[in-house]
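Structure at a glance
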Number of protein chains: 4
Amino acid sequence: MRVTFDPPTDPAAYSFVHRLRVRFAETDAMGVVHHGAYLPYLESARVEYLRSLGHPYGELRQEGIELPVIELALRYLRPVRFDDVVDVHLVVASSSATTLQLGYLVTADGTARATAVTVHGVVSAGSGRPTRAPRWLANLARRP
Amino acid sequence: MRVTFDPPTDPAAYSFVHRLRVRFAETDAMGVVHHGAYLPYLESARVEYLRSLGHPYGELRQEGIELPVIELALRYLRPVRFDDVVDVHLVVASSSATTLQLGYLVTADGTARATAVTVHGVVSAGSGRPTRAPRWLANLARRP
Amino acid sequence: MRVTFDPPTDPAAYSFVHRLRVRFAETDAMGVVHHGAYLPYLESARVEYLRSLGHPYGELRQEGIELPVIELALRYLRPVRFDDVVDVHLVVASSSATTLQLGYLVTADGTARATAVTVHGVVSAGSGRPTRAPRWLANLARRP
Amino acid sequence: MRVTFDPPTDPAAYSFVHRLRVRFAETDAMGVVHHGAYLPYLESARVEYLRSLGHPYGELRQEGIELPVIELALRYLRPVRFDDVVDVHLVVASSSATTLQLGYLVTADGTARATAVTVHGVVSAGSGRPTRAPRWLANLARRP
């Protein structure tokens, strides 16, 4: 699979939002948030989204399933700075028994700062081998 | 600009390589390197590549130029683990007076672990506004 | 100055608390939060404490003052894991025109996980040279 | 156990040195290396020190032993900046069947930038419970 989703910059296109505040440790010598620090932001949004569905990621892991990122695309539009309040908007772009594709929009002060897509495999926690997603996960993109 | 380069998995397609060793701090509870920890690997390879050209990134910054990442694509093929010796192969995919596109192949033990592309803007260090790249940088993709 | 404060494990000894949730990116291959990931936790608690006083750290920086960590002591008592809800308790141990000493207790599920002390210098944002703290900061330890 | 070692600022007092280069990702908006980024530096020096003894940390982990940090003290003397070449000097301050205490001196350009001490427990990789160190590890402080 490849990234097939083109994440829009309109928050209305997203079904979930996670709010966080930029830490000083996440900034770099350019005076803005380091481009690598956005990945934990997206990850936190995913974790909170799964919790909101009643399926905390920790439970999924205890059931023997991991959702490693197998592909990632990010576009940086405007910088985010120390202490900014950031909203990470999330939408399920596609889902199947074997992969999950999520789209993200990062905003602060009501303006778009970045868009992103992550593609996840569904693997067995022990072996790291591909396994089949539980039905609720495979059908995630079909939620009303 | 968008990512237009599709990074090959053959190291022979790359012109530069930077070797590093995985730190324990870069692993996560899946027992492998966290997907976000690859970004500093790519960054270190860029910095060493510029140094190898006689243009350390620090000098570029002192001349008032920054090369922020404005777009990023990553594909994770096989995990990398604590203490692995990792080679980050780099090639200039395209360059102009305003942007730079780099391709990467991450290998360990001779096998491909990830491929990546970063697109960089050329901005003024003070204002963050777009500026023009010095000639050597704009012509980087044409190097023999 | 040296660390002179011995942080107690009783939350009642602390005057402020900041709650956060452990990110997956903060774990390591031991399956617990990496010991280095606690430092941003303490930092976030400091930032929120200053905000609670009506003196956001960002304002302090705009006024030309930084509070770099010049000394740090940490004791790890029990691990913290992915998705744990963590409370960082904070108390001002001492303050003067030139230094600030803070004590911390990290708890999760009501049990102590770590204690810490940070000592901060008061420096000029531009030069990094020591400067004098504003009166409210110098007198912080005397707050009722 | 508590930190009992006071790390000197003379490199001659240390028995091992590990060299690394500061990454851009390790800097913060103060324009210097973030105080939390020193912890992976110390960790890398430990790992290379054990390797130099013929006991790679990875092997120790495969034998079922982990050496988690249970206590940490750091003193920041002068900042380190992007692209600086940093030497992490290391000495075994004390060792026993149950704990290991290491001292560190961080230098750049021949001047002291930080000193540190880490105290490690010896625990079983599976359970995290205290276990006994192999003889070579328990006797590390007695090496000629």
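The model shown is predicted, which means the values in this text are computed figures rather than measured ones.

Things to note about the packing of aromatic side chains
Tallied over the full model, the rule gives 24 aromatic pairs over all chains. Between the aromatic rings of Tyr57(B) and Phe82(D), the centroid separation amounts to 6.0 Å while the plane-to-plane angle is 80°, which identifies the pairing as edge-to-face. One end of the pair, Tyr57(B), is in helix α2 (residues 57-62); the other, Phe82(D), is in the loop between β3 (69-76) and β4 (85-95), on a second chain. Take Tyr57(B) and Phe82(D): they sit in the same class, and that class is buried. Among the aromatic residues, those joined into a ring-pair cluster are Phe24(A), Phe82(A) and Tyr57(C).

Focus on helix α1 (residues 38-52) of chain B
Residues and elements named next belong to chain B. Between its first and last C-alpha atoms α1 spans 21 Å; for 15 residues at 1.5 Å apiece the expected length is 21 Å, and the two agree. Burial runs high along α1: 13 of the 15 residues are buried. Just downstream of α1, Gly54 is the residue with a positive phi angle, here 85°.

With respect to unusual backbone geometry
Both trends apply: most residues other than glycine have a negative phi, and most peptide bonds are in trans. Unusually for a residue other than glycine, Asp109(A) sits at a positive phi of about 55°. Its location among the elements puts Asp109(A) in the loop between β5 (99-108) and β6 (111-121). Look at Asp109(A) and you get exposed, because its relative accessible area is 78%. With phi around 75°, Asp83(D) is a residue other than glycine that occupies positive phi space. Here Asp83(D) falls in the buried class, since its relative accessible area comes to 15%.

Digging into the sheet that holds strand β5 (residues 99-108) of chain D
Read from one edge of the open sheet, 10 strands run β1(C)-β4(C)-β5(C)-β6(C)-β3(C)-β3(D)-β6(D)-β5(D)-β4(D)-β1(D), paired in antiparallel fashion. Looking along the sheet, the strands with just one partner apiece sit at the ends: β1 (16-21) of chain C together with β1 (16-21) of chain D. Going from strand to strand, the sheet's axes swing by 20° on average, the running direction of each strand aside. Bridge count between β3(D) and strand β6 (residues 111-121) of chain D: 7 bridges; the pairing is antiparallel.

Thresholds applied
- Residues numbered from 1 in each chain as written.
- Chains lettered and ligands numbered in written order.
- Predicted model: local features only at pLDDT ≥ 70, side-chain atom pairs only at ≥ 80, totals over all residues.
- Heavy atoms only, no water.
- Phe/Tyr/Trp six-rings, centres within 6.5 Å; stacked < 30°, edge-to-face > 60°.
- Helix = DSSP H or I, 4+ residues; strand = E, 2+ residues; numbered from the N terminus.
- Buried < 20%, exposed > 50% of the residue type's maximum accessible area, 1.4 Å probe, protein only.
- Expected span 1.5 Å × (residues − 1).
- Pairing = 2+ DSSP bridges.
- Axes fitted to C-alpha atoms, helices over the stretch in contact; angles between N-to-C directions.

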